[in-house]
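Here is how the chains run, residue by residue.
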Amino acid sequence: MTKRISSSTPIAVPSPAPEPVAASSPVDVNEVDASILLSELRNLRTKKDLSDLFKRNSSDPRKVLETIRYEEELEKLQIELVKLQRWVQAKGKRIAILFEGRDAAGKGGTIRRFTEHLNPRAMRVVALPKPTEEEKGQWYFQRYAKQLPNRGEIVFFDRSWYNRAVVEPVNNFCTEGQYDIFMQQVPEFEHMLYEDGLIIIKFWFSISKEEQLNRFKSRKANPLKQWKLSPVDMQAQEKWTTYTKFKEQMFSKTHTSFSPWIIVKANNKQKARLESIRYVLSIIPYEGKDKSGVSLYPNPNIITRFHRNATTVD
């Protein structure tokens, strides 16, 4: 059967030997306009061949080429992530990377690009469900403390203890008193982790209200993504202003020199993925970094540290 590149299949860079398309890095629905055969890509020899192919398939050359460049850049950055993980293992370091942001901001997709080629024995993805009755009676940070990285391990939090800073108060999942205690304790909690040698990286994925709505519509129309929609998601647009209020309070009270917030402008998923990986690589002094075959300087138009006068998308 002939393999075809579609809106749900990644475009592999043309190579002499045929290779299967990697199913783990899907291209977004709006990133490729028309399908192209892998065999057609492999047989290209000149720019004219490429141009003629686009015309025959009514494809958008710019978008297809952007996707090919994105995949090439992503692979180079993922090679650096493997080097970083080896350094973490060799040095016994502990890294916790927190992914926060509004619903449909692209957190899960970015985590998949981070972890795609890492050794699963030395990394974990943590996405905790709502607390059990037993956990509700515990210290709030207890269930998260259990998930912190061990020596030589990287842990990716798909949402973290910061649920109590934004999601819970917006949706009345916690009391005002619980919220106040959390906001008082979280800088102290993170300072203790910092003093103990844990490296914490806190990302906030920032998207516009219009882009969030577009992504909700895409999820609703795609049977493979409908599981991502929840009652909380469906109310996100109506409660946009309330989310903004609690998000800004969170930044103002929990952005510290030892645990800063890193804002990722995520309206463009591909750029958000590349630049967030690049940021992590840029701040960790792993071995072999000087021999990198890719730029490790994040784009300041995509990645910024929070400051009170910063302009964010959401």
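Here, residues in each chain are numbered from 1, in the same order as that chain's written sequence. Confidence filtering applies because this is a predicted model: local features only for residues at pLDDT of at least 70, side-chain atom pairs given and counted only at 80 or more, and all residues used for totals across whole chains, interfaces and linings. Neither water nor hydrogens contribute to the side-chain values; these are computed over all heavy atoms in the structure.

## Looking at the sheet that holds strand β3 (residues 94-101)
At step 1: Whether two strands pair depends on DSSP finding at least two bridges between them. A helix here means a DSSP run of H or I that spans at least four residues, while a strand means a run of E at least two residues long, and both kinds are numbered starting from the N terminus. Spatially, β4-β5-β3-β6-β7-β8 is the arrangement adopted by the six strands of the open sheet, whose pairing is mixed. The strands lining the two open edges of the sheet, one partner per strand, are β4 (123-126) and β8 (303-305). For this sheet, the mean angle separating the axes of adjacent strands, direction not counted, is 20 degrees.
At step 2: Where strand β7 (residues 261-265) meets β8, three bridges bridge the pair, whose relative direction is antiparallel. Bridge pairing in β8 places Val-264 opposite Ile-303. Axis definition: a line fitted to C-alpha atoms, over the contacting stretch in the case of helices. Angles run 0 to 180 degrees between N-to-C directions.

## So, the packing of helix α8 (residues 176-195) against helix α11 (residues 240-254)
At step 1: Axis separation between α8 and α11 bottoms out at 10 Å; the angle between their running directions is 40 degrees. On the basis of the axis angle, α8 is oblique to α11. For the element pair α8 and α11, the recorded crossing hand is right-handed. Facing Tyr-179, Met-183, Val-186, Pro-187 and Glu-190 of α8, the residues of α11 in contact are Phe-246, Gln-249, Met-250, Lys-253 and Thr-254.
At step 2: Here the residues of the contact of α8 with α11 sort into six nonpolar, two polar and two charged. In what follows, roughly perpendicular refers to angles from 65 to 115 degrees, roughly parallel to angles under 35, roughly antiparallel to angles over 145, and oblique to any angle outside these ranges. Two helices crossing with the near one rotated counterclockwise from the far one by less than a right angle form a left-handed crossing, whereas a clockwise rotation gives a right-handed crossing. Two residues qualify as a contact provided that any one of their heavy atoms is within 4.5 Å of a heavy atom in the partner residue. We call Asp, Glu, Lys and Arg charged. Ala, Val, Leu, Ile, Met, Phe, Trp, Tyr, Cys and Pro are nonpolar, and the rest, Gly among them, are polar.

## Describing the pattern of salt bridges
At step 1: Only one rule defines a salt bridge in this text: a Lys or Arg side-chain nitrogen within 4 Å of an Asp or Glu carboxyl oxygen. Inspection of the entire model under this criterion finds 15 salt bridges.
At step 2: Between Lys-91 and Glu-287 there is a salt bridge; the shortest N-O distance is 3.8 Å. Of this pair, Lys-91 sits in helix α3 (residues 61-91) while Glu-287 sits in the loop between α12 (269-283) and β8; the two residues are 196 residues apart in sequence, bridging distant segments of the chain.
At step 3: One continuous salt-bridge network, built from bridges that share partners, spans Glu-73, Glu-275 and Arg-278.

## Digging into empty space enclosed by the protein
At step 1: The rule is simple: put a 1 Å grid over the protein atoms alone, call a set of points where a 1.4 Å probe fits but cannot get out a cavity, call an open set with protein on both sides within 12 Å along at least five of seven lines a pocket, and count a residue as lining if it has an atom within 4 Å of a point. Grid points are joined across faces, edges and corners, and a volume is the space filled by probe spheres set on the points. Tallied over the full model, the rule gives one cavity of 30 Å³ or more.
At step 2: In this structure, the largest cavity encloses a volume near 30 Å³.
At step 3: No other element matches α12, which puts three residues into the lining of the largest cavity.
At step 4: Partitioned by chemical class, the residues of the lining of the largest cavity number three nonpolar, three polar and two charged.

## Focus on the side chain of Arg-215
At step 1: Positionally, Arg-215 belongs in helix α9 (residues 209-221).
At step 2: Beyond its immediate chain neighbours, meaning those up to four positions away, Arg-215 contacts Ala-104, Ala-105, Gly-106, Ile-207, Ala-266, Asn-267, Asn-268 and Lys-269.

## Digging into the nonpolar core
At step 1: We define a nonpolar core as any set of buried Ala, Val, Leu, Ile, Met, Phe, Trp, Tyr and Cys residues linked to one another through side-chain atoms lying within 4.5 Å. Burial classes: relative accessible area under 20% of the type maximum marks a residue as buried, over 50% as exposed, and values in between as partly exposed (1.4 Å probe, protein chains only). Ranked by internal contacts, the top residues of the largest apolar core, which has 37 residues, are Leu-84, Ile-97, Phe-156 and Phe-203.
At step 2: For this core, the elements supplying multiple residues, two or more each, are α3, β3, α4 (107-115), β5 (153-158), β6 (199-206), β7 and α12.
At step 3: Looking at this core, the element that brings in the most residues is α3, giving eight residues.
At step 4: Here Ile-97 is in contact with Ile-154, Val-155, Phe-156, Phe-157, Ile-201, Phe-203 and Val-280, once residues within four sequence places are set aside.

## As for the side chain of Glu-168
At step 1: In this structure, Glu-168 sits in helix α7 (residues 167-170).
At step 2: Not counting the four nearest positions on each side in its chain, Glu-168 is found in contact with Tyr-140, Asn-163, Phe-173 and Cys-174.

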